[in-house]
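Chain residues, written in single-letter form:
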Amino acid sequence: MIDVCLLGTGGMMPLPYRSLTSMMLRYNGSSILLDCGEATQIAVRRRGWSFNPIDLILITHFHADHISGLPGMLLAMGNADRTEPVTLVGPPGLERIVRSLLVIAPRLPFKLEFIELEDIADVQTLNLLGLEIHAFRLQHSMLCYGYSFTLHRAGKFNPAAAKALGLPVNYWGKLQRGDTVSYEGKEYTPDLVMGGARKGLKIAYATDTRPIAQISKEASGADLFICEGMYGDGSAESDHKAREKKHMTMQEAASLAANAEIAPEKMWFTHYSPSFINPQDYEESAKSIFPAAEVVKDRASLVLDFEED
């Protein structure tokens with residue numbers, strides 16, 4: 001099970017009724033924060049979630065509306081009695097930039113560990129906290145990454161098959177975990193007692209970019225696809241701004257979902273322009289392209305769980 005909360009949906013600057021774009025996932029006792037614009041910690045408090053379990057922070061790029069809230073967030077985590085190390089992932093230069101920001105928060109009660117992505121790779125795979133994470137390059141005015149998260153699900157254990165092999169029960173758990181076991185001079189591999197892999201859970205996230213094919217690839221088969229919809233009124237002016245500033249319209253984003261090999265189950269828009277007071281006004285236009293598209297507000301939440309067998 002994965003809990004998802006889109007903490008804020010605003011782009012460029014926070015507004016009284018719209019926090020800056022940020023997302024939090026909760027899985028297996030850990031929290032993952034994706035982007036951290038100013039006042040993100042307030043959005044976490046409004047959601048009623050804790051700072052202490054944040055084990056991983058992912059940064060898409062170094063524009064202020066995506067990273068300037070990091071010192072305050074790290075201080076809030078320290079005040080929540082966090083002492084375990086925190087891992088940060090982001091584009092090259094991440095450690096230098098974060099260390100510079102932390103001039104105003106120099107004493108943290110936990111260690112920071114950094115994973116800097118390689119700008120020569122279009123897609124990089126990380127395995128962290130039990131999740132397979134893809135960092136994929138976007139097309140923005142600076143180096144920027146989207147992220148997808150996959151929780152794989154192993155095949156179903158067949159106790160009858162294990163019993164037929166003559167294996168004592170105390171060996172079954174190791175096979176379920178994917179380990180090979182030795183018993184009475186023979187080796188037994190997990191495939192002897194495990195069925196084929198079952199459908200897992202997947203979330204894809206892309207913001208601050210022009211539409212590119214890789215986004216559709218990462219969104220394919222997603223239970224939830226979160227994508228920027230900075231502009232949506234369909235005007236020539238908005239289309240021009242999107243191209244000029246390396247952003248997307250809702251219609252362009254909806255087309256990416258529609259072009260995915262396996263359509264996402266749900267699609268949420270985020271990173272709305274501050275000039276758009278009511279982004280909901282443009283939802284029907286996006287739905288005409290991809291019916292599962294939805295214009296959501298701050299703190300939109302979803303619990304993803306495995307399909308029943």
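Look above for the structure.
Residues numbered from 1 in each chain as written. Predicted model: local features only at pLDDT ≥ 70, side-chain atom pairs only at ≥ 80, totals over all residues. Heavy atoms only, no water.

A. Focus on the state of the cysteines. Summed over the entire model, instances satisfying the criterion amount to 0 disulfides. Left without a disulfide partner, Cys144 is nearest to the cysteine sulfur of Cys227, which lies 11 Å away. For Cys227, a relative accessible area of 0% translates into the label buried. (Disulfide = S-S within 2.5 Å. Buried < 20%, exposed > 50% of the residue type's maximum accessible area, 1.4 Å probe, protein only.)

B. Geometry of the nonpolar core. Ile2, Met23, Tyr147, Phe149, Ile215, Met267 and Phe269 are the most contacted members of the largest nonpolar core, which has 55 residues in total. Apart from the residues within four sequence positions on either side, Ile215 is in contact with Phe136, Leu138, Ala206, Thr209, Arg210, Phe225, Met248 and Leu256. Membership of the second largest hydrophobic core comes to 29 residues, among which are Phe62, Met77, Val98 and Ala105. (Core = buried A, V, L, I, M, F, W, Y, C linked by side-chain atoms within 4.5 Å. Contact = heavy atoms within 4.5 Å.)

C. Here's a closer look at unusual backbone geometry. With a phi angle near 70°, Ala39 is a residue other than glycine that sits in the positive phi range. Structurally, Ala39 is set in the loop between strand 3 (30-34) and helix 1 (40-47). For Ala39, a relative accessible area of 34% puts it in the partly exposed group. Of note in this structure, Lys246 is not a glycine but carries a positive phi near 60°. (Helix = DSSP H or I, 4+ residues; strand = E, 2+ residues; numbered from the N terminus.)

D. Spotlight on the side chain of Glu228. Tracing the sequence through the fold places Glu228 in strand 13 (residues 224-228). One polar contact links the side chain of Glu228 to the main-chain amide nitrogen of Met248, over a distance of 2.9 Å. In this view, Glu228 contacts Ala206, Thr207, Asp208, Thr209, His247, Met248, Thr249, Ala253, Phe269, Thr270 and His271; residues no more than four positions away in its chain are not counted. (Polar contact = N/O pair within 3.5 Å; in protein donor to acceptor, adjacent residues only side chain to side chain.)

E. Layout of the pairing of strand 14 (residues 267-270). A two-sided burial pattern is seen for strand 14, the buried positions comprising Met267 and Phe269 on one face and Trp268 and Thr270 on the other. Relative to strand 14, strand 13 is paired through 4 bridges, and the arrangement is parallel. Pairing of Cys227 across the sheet is with Phe269, part of strand 14. Sheet topology note: the strand 14/strand 15 (residues 293-295) ladder contains 3 bridges and is parallel. Across the sheet, Phe269 pairs through a bridge with Val295, a residue of strand 15. (Pairing = 2+ DSSP bridges.)

F. Inspection of the sheet that holds strand 16 (residues 300-304) at higher detail. Ordered by their spatial adjacency, 7 strands build an open sheet running 6-5-4-3-2-1-16, and the pairing between neighbours is mixed. Sheet topology places strand 6 (112-116) and strand 16 at the edges, where each strand pairs with a single neighbour. Sheet twist, expressed as the average angle between the axes of neighbouring strands with direction ignored, equals 15°. Note: strand 3 against strand 4 (residues 54-58), 4 bridges, orientation parallel. Along strand 4, the bridge assignment pairs Leu33 with Ile57. In the packing of helix 4 (residues 94-101) onto the sheet, the strands contacted are strand 5 (86-90) and strand 6, and the crossing angle to strand 6 comes to about 145°. (Axes fitted to C-alpha atoms, helices over the stretch in contact; angles between N-to-C directions.)

G. Structural view of the packing of aromatic side chains. Within this structure, the stated rule accounts for 4 aromatic pairs. An angle of 50° between the planes, with centres 5.0 Å apart, marks the rings of Phe276 and Tyr282 as tilted. Taken together, the aromatic side chains of Tyr231, Phe276 and Tyr282 make up a single cluster linked through ring pairs. The positively charged end of Arg26 is found above the aromatic ring belonging to Trp49, 4.0 Å away from the centroid. (Phe/Tyr/Trp six-rings, centres within 6.5 Å; stacked < 30°, edge-to-face > 60°. Lys NZ or Arg CZ within 6 Å of the ring centre and 35° of its normal.)

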